[in-house]
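Tertiary structure, described
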Amino acid sequence: MRRGSIIQIGAIALVAGAITTAVATLIPWMPVAAGEEATRIHFVYWFATVISIVVFSIVIAVLIFAVWKFRAGPDDDSDGPPIHGHTKLEIVWTAIPAVLVTSIAIVSAIVLAQNSRAGSDPLNVKVTAQQFAWTFTYPNGKTYGSLMLPKGRHTRLDIISKDVIHSFWVPQLSQKQDALAGQHNFIVITPTRTGTFPIVCTELCGVGHALMRSHVTIVEPAKFNAWLKGGAQAAAGPPGLAVFQQNGCGSCHTLASANATGKVGPDLDNLKAEAAKANRGSLEAFIKESIVKPEAYIQPGFSDVMPHIFGTQIPSDKLDQLVQYLAAGSKSS
Ligand code: CUA
């Protein structure tokens, strides 16, 4: 090929590279990385993206050059010259992609290995998924409806499900992990910035899937230790509120006193009116039956989607606290 052609192809490649680099970097495609693992995953992403931009620019440049230089004239119906294979060219275009793809595989394998390292003293948090809520249990046995993590410490999440398959994902922490019944799956998170980020279920798990959300709050270690010791969240409010939060009731139900706005199940602020309509004994008896045997009475406009596990999952004293709390909340409204 003539030197002039190579310079022309190079010029087109530079323009194509500049445009694609601008698209890749000027638009914020990625969430901020809030953890060491996310930072490494972003590195793999950019490593592959830079390779892709270089390959794309060269291919596009050759394509544009060929269309421009070798296009047929308006009345030219003749065949082009016969072309045979070009061994050297084929070796080059096989070897270069092989090296590039292998390098991406090696970088990915290193990052995967590093991201599963929890160190010698990780914070262990058990993550339980169920239709349609997340709960988080700390080493001291306390359970919360949202996740609190200290900045800078390895945290090992032990993820399980009580029913169907769910999937744990925090976009800013980059890693996704499925939650399965009867199998413990793990991910390691090492937060690098404070803030509050969403927790999303990314496996279709039923009618409440889109609402199966919580949040993770990352704080400085001192603040985290004080929080864990004080159990501030659980101590606030009546005991029934803690039971309500720990069992994730708020992801499906609305209840003003718990700041819950779920729309999958009936509005719990209207329990008294609904109990009168249902006519199934006292308000307390109606509430208790609706929790332990939700299929016994289905409020018009809803279907039998409430899990049937709460009768066995919630200890009887906690269940009574929850019933009293819901009955009181309803009466006062
Ligand atoms: Cu749980 Cu989708």
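Starting afresh in each chain, residues are numbered from 1 along the sequence in its written order. Only residues with pLDDT of at least 70 get local features here, since the model is predicted, and only at 80 or more are side-chain atom pairs given and counted; chain-wide, interface and lining totals rely on the full set of residues. To obtain the side-chain values, all non-hydrogen atoms of the structure were used and water was disregarded.

With that out of the way, let us pick up the domain arrangement of the protein chain. Here the limits of each domain have been adopted from an automatic or database domain assignment. One can read the domain layout of the protein chain as domain 1 (3–66 + 88–115), domain 2 (123–235) and domain 3 (239–331). Measuring from the centre of the C-alpha atoms in domain 2 to the corresponding centre in domain 3 gives 24 Å. Between domain 2 and domain 3, the residue contacts involve 13 residues of the former and 14 residues of the latter. The term buried area means the drop in 1.4 Å probe accessible area that two parts suffer when joined, counted for both and summed. For the pair domain 2 and domain 3, the summed buried surface comes to about 1100 Å²; carbon and sulfur atoms form 60% of the total. By the criterion of area lost to domain 3, the three top residues of domain 2 are Gln130, Phe132 and Leu211, representing 34% of everything that side buries. Identification of polar contacts relies on pairs of N or O atoms within 3.5 Å, with a donor-acceptor requirement for protein atoms, meaning one able to donate a hydrogen and the other able to accept it, and with residues adjacent in sequence counted only if both atoms are side-chain atoms. Taken together, the connections running from domain 2 to domain 3 amount to zero residue pairs in polar contact (both at pLDDT 80 or more). Listing elements by their share of the side of domain 2 that touches domain 3, those giving two or more residues are strand 2 (133–137) and helix 5 (232–235). Of the residues belonging to the side of domain 2 that touches domain 3, the class tally is five nonpolar, seven polar and one charged. The contact definition used throughout considers only heavy atoms, calling two residues in contact when any of these lie within 4.5 Å. Helix and strand assignments follow DSSP, with helices taken as H or I runs no shorter than four residues and strands as E runs no shorter than two, numbered in order from the N terminus. Three residue categories are used. Nonpolar comprises Ala, Val, Leu, Ile, Met, Phe, Trp, Tyr, Cys and Pro, charged comprises Asp, Glu, Lys and Arg, and polar comprises the others, including Gly.

Our focus in this paragraph is helix 2 (residues 36–69). Multiply 1.5 Å by the residue count of a helix minus one, and that product is the helix's expected span. The end-to-end C-alpha separation of helix 2 is 49 Å, in line with the 50 Å expected for 34 residues at 1.5 Å each. Lining the buried residues of helix 2 we find helix 1 (3–26), helix 3 (87–115) and strand 8 (185–189).

Once that is clear, we can look at the side chain of Asp269. Positionally, Asp269 belongs in the loop between strand 12 (260–261) and helix 7 (271–278). On the basis of relative accessible area, Asp269 is assigned to the buried category, the value being 18%. Here Ala256 takes part through its backbone nitrogen, which lies 2.9 Å from a polar atom of the side chain of Asp269. A simple rule labels every residue: compare its accessible area, found with a 1.4 Å probe on the protein chains alone, to the largest value its type can have, and call it buried under 20%, exposed over 50%, or partly exposed in between.

A few words now on the sheet that holds strand 3 (residues 143–144). At least two bridges found by DSSP between two strands is the condition for calling them paired. The strand order across the open sheet built from five strands is 3-2-1-5-8, with neighbouring strands paired in mixed fashion. One side of each edge strand has no neighbouring strand; the edge strands of this open sheet are strand 3 and strand 8. One ladder, built from seven bridges, connects strand 1 (residues 123–130) with strand 5 (residues 155–161); its direction is parallel. Counterpart to Leu123 in the pairing with strand 5 is Thr155.

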